[in-house]
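# Notes for the structure review
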Amino acid sequence: MSNSPKTLFDKVWDSHVVRNIEDGPDVFFIDRHFIHEVTSPVAFLGLEQRGIGVLFPEKTFATADHNTPTINQHLPVEDPLSANQLAQLEKNSAKYGISHWGLGNPKNGIVHVVGPENGITLPGMTIVCGDSHTSTHGAFGAIAFGIGTSEVEMVLSSQCIMQPKPKKMRINVNGQLGKGVTPKDVALYIISKLTTSGATGYFVEYAGDVFENMTMEGRMTVCNLSIEMGARGGMIAPDQTTFDYINGRELAPKGADWDKQLAYWKTLKTDAGASFDKELTFNAADIEPMITYGTNPGMGIGISKNIPSANEVEGGATTYAKSLDYMGFHENDAMIGKKVDYVFIGSCTNGRIEDFRAFASIIKGHKKADHVTAWVVPGSHIVEAQIKEEGILDILTDAGFELRQPGCSACLAMNDDKIPAGKYAVSTSNRNFEGRQGPGSRTLLASPYVAAAAAITGVVTDPRQFL
Amino acid sequence: MAYDKFTILKSSAVPMPIENVDTDQIIPARFLKATERKGFGDNLFRDWRYDSNDQPKQDFVLNNPIYSGKILVGGKNFGSGSSREHAAWAIYDYGFRCVVSSFFADIFKGNAINVGILPVQVSPEFLNQIFEAIEKDPKSELEVNLEDQKITILSTGASESFAINGYKKHNLLNGFDDIDYLQSMKSEIESFAAKK
């Protein structure tokens, strides 16, 4: 191996290349493969049609999350198509000897929440799943990204996919974050600067003291949203915060194995002098609580700002006008004071315990606005248990909120939790595309603080007044 | 187990001059519940194509009979968002074999090739020329030649070359897929795994 300085990304990528194809992709080895009910059935069908099996079933982990209901999970799933997908996942997992955490299993939850919380996600790994928010796992210094169903079939049958090596980008955020500014705001701010295609073709490393001082859950929120600027994934070098998070988790290494792996993990950082294809630096002090006003995650602004006019934004005026028209907004409108009908806290972006602590810290002592429908959805049963143990459930109940059961819920309108046409939802999820939360729904992406402030006032509100 | 070979495609095209067409528009999540890869074309661009009473929206391009063909031409950043391969399946199932844009989202681009759709990335200027040619004559044809890596607007003769790596090009020309390739190197993968 050469002694020239390498990036964190290079170190992990290069150690997983089985074969380099000239004028083609790398045959890339995968350490951990997560599957769920929606993007795996056709891959299993493909295996059967070809008459091939699963090469390393112990490296694949199944959980049901996308189309699961978030109430009455003990009852049979009503929608026959969803029920069929869930049954297929269970059947296929059993047939090939894959671990399966289905509905009702105490380990069940959103794939990108349960992987880390059970110690499956580790530094230096390559991790894929048929879900673009697989980038979440990059928070541990792993290379993690979403794949299509053809690639799910590749991983099942060969533990490899064919990937050209992406370019490298480093995004630095330095300084001190202001009051009420969360990891979600940092990510939405970066995306608003880069646009939804600004990092396409790149793999991002996040660096600088803002990320170094961030908790693991915060880092997961940031890495989760990497795909929303077009990056295949984002990663953060593992450090003591990472090691402390992993240590003791159920499937994490133990004893001598822990010591051995820890020694390796400590080598996983970008060497001084290593080069990136692109490097960007932002100042933490410039970031305020964010909210989106349009139909892609790049259309975000500081909550105190007005909606930009068409000549201030990149891209075509027609596309911009179509987007604002869908939202029922106008150029130069203030976001503060816009009416809110629904509030959703949850998803693989903001469905972890710290998110519910933040939400509860604002609603404590207040009441939910009468006209607001709120969905409070933990990312997993483990998060649900924490919400109960820490007394957050009591705060929620006193303020007029109900806690639902884990799942992807209103993030993507595949299950029963859909926002009705024309209604406005302040959502802690990751996408505000047209119809993402239900046909005709209008999504305002924001942090748990902004969601909480909107839930008690019924309008878009600066959360800093409650902190 | 491969798809159709892709060599030369000569066809009129359907214009969609909208930027950031995301995979939730291509196929909304509520239509991802099948466990087989068929029928997705019916719901391609569902919420742009049909109103809430399932009636076709007359102003949407797929409902306009003057436009047809096996090539879809989209604005910048086509296919952003979710990794759902269903988006590529829906485009293929509807009858498209090629998508042209000035910029593609990564995962969509990979998924497209994996199901036998050729994503052709052209310059913004050439994309505009295509839109203009179709506006002038909706039956205006494009020729996409994979072997030569060249796309031509037949009515004007304007052409541009496009990039594709040699491995993927070989696969598409011959109708091979990655799983065949990976199966052929299984022992190499197993010894790699054993050393890790």
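Residues numbered from 1 in each chain as written. Chains lettered and ligands numbered in written order. Predicted model: local features only at pLDDT ≥ 70, side-chain atom pairs only at ≥ 80, totals over all residues. Heavy atoms only, no water.

## Some details on the sheet that holds strand E5 (residues 141–145) of chain B
Residue and element names in this part refer to chain B. Taken together, 7 strands build an open sheet; the order of strands is E4-E3-E2-E1-E5-E6-E7 and the sheet is mixed. With partners counted over all chains shown, the strands left at the sheet margins are strand E4 (118–121) and strand E7 (159–161), one partner each. For this sheet the average axis-to-axis angle between neighbouring strands, irrespective of direction, equals 25 degrees. (Pairing = 2+ DSSP bridges. Helix = DSSP H or I, 4+ residues; strand = E, 2+ residues; numbered from the N terminus. Axes fitted to C-alpha atoms, helices over the stretch in contact; angles between N-to-C directions.)

## Some remarks on the domain arrangement of chain A
Put simply, an interface is often sized by how much accessible area is lost when its parts join up. All names here are of chain A. Per the domain assignment, the segments making up chain A are domain 1 (7–288) and domain 2 (290–466). Each of domain 1 and domain 2 was reduced to a C-alpha centroid, and the two centroids are 24 Å apart. Across the boundary between the two partners, domain 1 contributes 46 residues, which contact 47 residues of domain 2. Taken together, both faces of the contact between domain 1 and domain 2 bury some 3,800 Å²; the carbon and sulfur share is 55%. At the junction of domain 1 with domain 2, the criterion picks out 3 salt bridges. (Domains from an automatic or database assignment. Contact = heavy atoms within 4.5 Å. Buried area = accessible area lost by both parts, 1.4 Å probe. Salt bridge = Lys/Arg side-chain N within 4 Å of Asp/Glu carboxyl O.)

## Remarks on the environment of A:Ala453
Residues and elements named next belong to chain A. Mapped onto the elements of the fold, Ala-453 is located in helix H16 (residues 448–457). Sequence spacing of Ala-453 and Ile-301 is 152 residues, and the spatial spacing of their C-alpha atoms is 17 Å. Residues contacting Ala-453, with those up to four places away along its chain left out, are Ile-362, Val-459, Thr-461, Pro-463 and Phe-466.

## Observations regarding the sheet that holds strand E3 (residues 32–35) of chain A
Residues and elements named next belong to chain A. Read across the sheet, 5 strands follow the order E5-E4-E3-E6-E7 without closing on themselves; strand pairing throughout is parallel. Both edges of this open sheet fall to strand E5 (99–101) and strand E7 (143–146), since each of them pairs with a single strand only. Averaged over all pairs of adjacent strands, the angle between their axes in this sheet comes to 20 degrees, without regard to strand direction. The sheet contact formed by strand E4 (residues 60–63) and E5 spans 3 bridges and is parallel. Across the sheet, Thr-63 pairs through a bridge with Trp-101, a residue of E5.

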